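Secondary and tertiary structure notes
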Amino acid sequence: MEENFVVGVIQELCEALSADQIDYCHWKSNAAIDRSASGENDLDLLVNRDNLQKFTQIIDRLGFKQAHEQPMHRIPGVLDYYGYDRDANLLIHIHVHCQLVFGHDATKNYHIPIEGPYLASASQNGLFRVPSVEFELIILVIRMILKHYTWDTFLLHQGKLSFSEKFELNYLVKRASGPSMYAILREHLPFIDPLLFQTCLQFLQSGSTVSDRIWVGQRLIGCLEAYARRPHLVDAGLKIWRRVAWSLERRVFRNRGRKKMNNGGLLVAIVGGDGAGKTTAINELYQWISEDFEVYRFHMGKHNMWYRKEKN
């Protein structure tokens, strides 16, 4: 795909959000925002809850359809929408976040109510509105510590940042202003000790012993206790159980946790004579759509029509 390519429907979406003055931002992974514009990455948009109705009217007008995860995979405050761009032949997936929810992917146990200040820090940066670099870095550090630096994540062999996470961290560190970042911490997240935050950032950048990483993770969890949906021990047990259950779903029951459309879906019939390529078309369509959605194939059999010539 050519450099700086923008999918048409994403261009239309951003222009409509700007025209209607929707309070939103592309809230994470802005180090790779070109991939979001080209449809290679999902769009993670934080939308002011007061603007949510107008936002959904816009994406409905652009042909996006809402889907939902299976109950075990749902994240509170997140809606999923899919749209199709005919020119690019791409399905576009939008995660619409109404609130900032953090933690391990299996539980997302923490909600820090700072959506207002986070959106207020955003400004137009090319196609999308994006938050201030300093605010985004603070949120990334919190997310990465909760996701990787706890004793239970080490038991699950998930105690290291991925290549893309390291790239995003370095991208933001190079661009962030230290004084501005700590001013945001003091004003909007006073429950996090600046020295603790500095240690978290240092450990994420340079590495440390496993015991040190678990220690700093437990310290941060203690700071966020008031914003947890469930106690840490309960969350850890749920996290481990869900990882085992999801593995069984995929490997034993061949269930990949695909989504279902809110409107009940669509029936597609492919008909034709023998040798017309029906099986090939069905298999290709199934392979494409089943990457994201639950799809069922049915063979309806052959229908023979007999005609009787009426006697004159």
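Residues numbered from 1 in each chain as written. Predicted model: local features only at pLDDT ≥ 70, side-chain atom pairs only at ≥ 80, totals over all residues. Heavy atoms only, no water.

Details of the overall build of the protein
Counting secondary structure elements, the protein contains 12 helices and 10 strands. Counting all 312 residues of the protein, 42% fall into the buried class. Expressed as a percentage of contacts within the protein between residues at least 6 apart in sequence, the contacts between residues at least 24 apart total 69%. A total accessible area of about 18,100 Å² is found for the protein, and carbon and sulfur atoms account for 52% of it. (Helix = DSSP H or I, 4+ residues; strand = E, 2+ residues; numbered from the N terminus. Buried < 20%, exposed > 50% of the residue type's maximum accessible area, 1.4 Å probe, protein only. Contact = heavy atoms within 4.5 Å. Areas by Shrake-Rupley, 256 points an atom, 1.4 Å probe, with all protein chains shown as cover.)

Here's the deal with the pattern of salt bridges
This structure, assessed with the given rule, holds seven salt bridges. Among the ionic pairs, K147 bridges to E165, the shortest N-O distance being 3.0 Å. In this pair, K147 is assigned in helix 5 (residues 133-148) and E165 in helix 7 (residues 163-175), connecting sequence segments 18 residues apart. For K147, a relative accessible area of 18% gives the class buried. With relative accessibility at 10%, the residue E165 sits in the buried group. Across the pair D152 and K239 runs a salt bridge whose closest N-O atoms are separated by 2.3 Å. One end of the pair, D152, is in helix 6 (residues 151-155); the other, K239, is in helix 11 (residues 232-251), with 87 residues separating them in the sequence. (Salt bridge = Lys/Arg side-chain N within 4 Å of Asp/Glu carboxyl O.)

Observations concerning helix 7
In an α-helix there are 3.6 residues to a turn, and that puts residues three or four apart on one side. Over its 13 residues, helix 7 runs 19 Å from end to end, which matches the ideal 18 Å to within 8%, given 1.5 Å per residue. For helix 7, the full list of buried residues reads E165, E168, L169 and L172. Along the axis of helix 7, the buried residues cluster in a sector spanning 100°; they form a single face. Turned more than 90 degrees off the buried face of helix 7, the exposed positions are F163 and K174. (Expected span 1.5 Å × (residues − 1). Arc of directions from axis to C-beta.)

Notes on the confidence of the model for the protein
Averaged over every residue, the pLDDT of the protein is 88; the share at 70 or more is 93%. Overall, residues 305-312 carries pLDDT values under 50, and its contacts beyond four positions in sequence, including any with other chains, amount to zero contacts. (pLDDT = per-residue confidence, 0-100.)

Considerations on the state of the cysteines
The tally for this structure, following the rule as stated, stands at zero disulfides. With no disulfide of its own, C14 lies closest to C25 among cysteine sulfurs, the gap being 12 Å. Judged by relative accessible area, which is 0%, C25 ranks as buried. (Disulfide = S-S within 2.5 Å.)

Brief notes about the sheet that holds strand 10 (residues 260-261)
What links the strands of a sheet is backbone hydrogen bonding, and the strands pair in either a parallel or an antiparallel sense. Reading across the sheet, the six strands line up as 1-2-5-4-3-10 and stay open at both edges, with mixed pairing between neighbours. A strand with exactly one partner marks an edge of an open sheet, and here the two such strands are strand 1 (24-26) and strand 10. The pairing of strand 3 (residues 65-68) with strand 4 (residues 78-85) spans three bridges and is classified as antiparallel. Opposite K65, over in strand 4, you have Y82 as the bridge partner. (Pairing = 2+ DSSP bridges.)

Let's talk about the packing of aromatic side chains
In the structure shown here, the tally under the stated rule is five aromatic pairs. On the basis of an interplanar angle of 50° and a centroid distance of 6.4 Å, the ring pair of W27 and F102 is categorised as tilted. Residue W27 is found in the loop between strand 1 and helix 2 (33-37), and its partner F102 is found in strand 6 (residues 101-102); the two are separated by 75 residues along the sequence. Using a relative accessible area of 1% as the deciding quantity, one classes F102 as buried. With a centroid separation of 6.2 Å and an interplanar angle of 90°, the aromatic rings of Y182 and F197 are classed as edge-to-face. Placement of the pair is Y182 in helix 8 (residues 178-188) and F197 in helix 9 (residues 194-206), with a sequence separation of 15 residues. Classification of F197 by relative accessible area gives buried; the value is 2%. Lying across the ring of Y149, R213 places its NZ or CZ 5.6 Å from the centre. (Phe/Tyr/Trp six-rings, centres within 6.5 Å; stacked < 30°, edge-to-face > 60°. Lys NZ or Arg CZ within 6 Å of the ring centre and 35° of its normal.)

Comments concerning unusual backbone geometry
The phi angle at N89 is positive, at roughly 55°, despite the residue not being glycine. With respect to the helices and strands, the residue N89 is situated in the loop between strand 4 and strand 5 (90-97). A residue is classified by how much of its surface remains accessible, and N89, at 48% relative accessible area, is partly exposed. Not every positive phi belongs to a glycine, and K108 is a case in point at roughly 45°. The residue K108 is located in the loop between strand 6 and strand 7 (110-111) in this model.

Quick word on a nonpolar patch on the surface
Taken together, the side chains of L266, V268, I270 and I282 define a hydrophobic patch exposed on the protein surface, amounting to about 370 Å² of accessible area. By secondary structure assignment, the location of I282 is in helix 12 (residues 278-289). I282 gets classed as partly exposed once you look at its relative accessible area, which sits at 31%. (Patch = residues over 30% accessible without salt bridge, like charges linked within 9 Å, V, L, I, M, F, W, Y side chains within 5 Å.)

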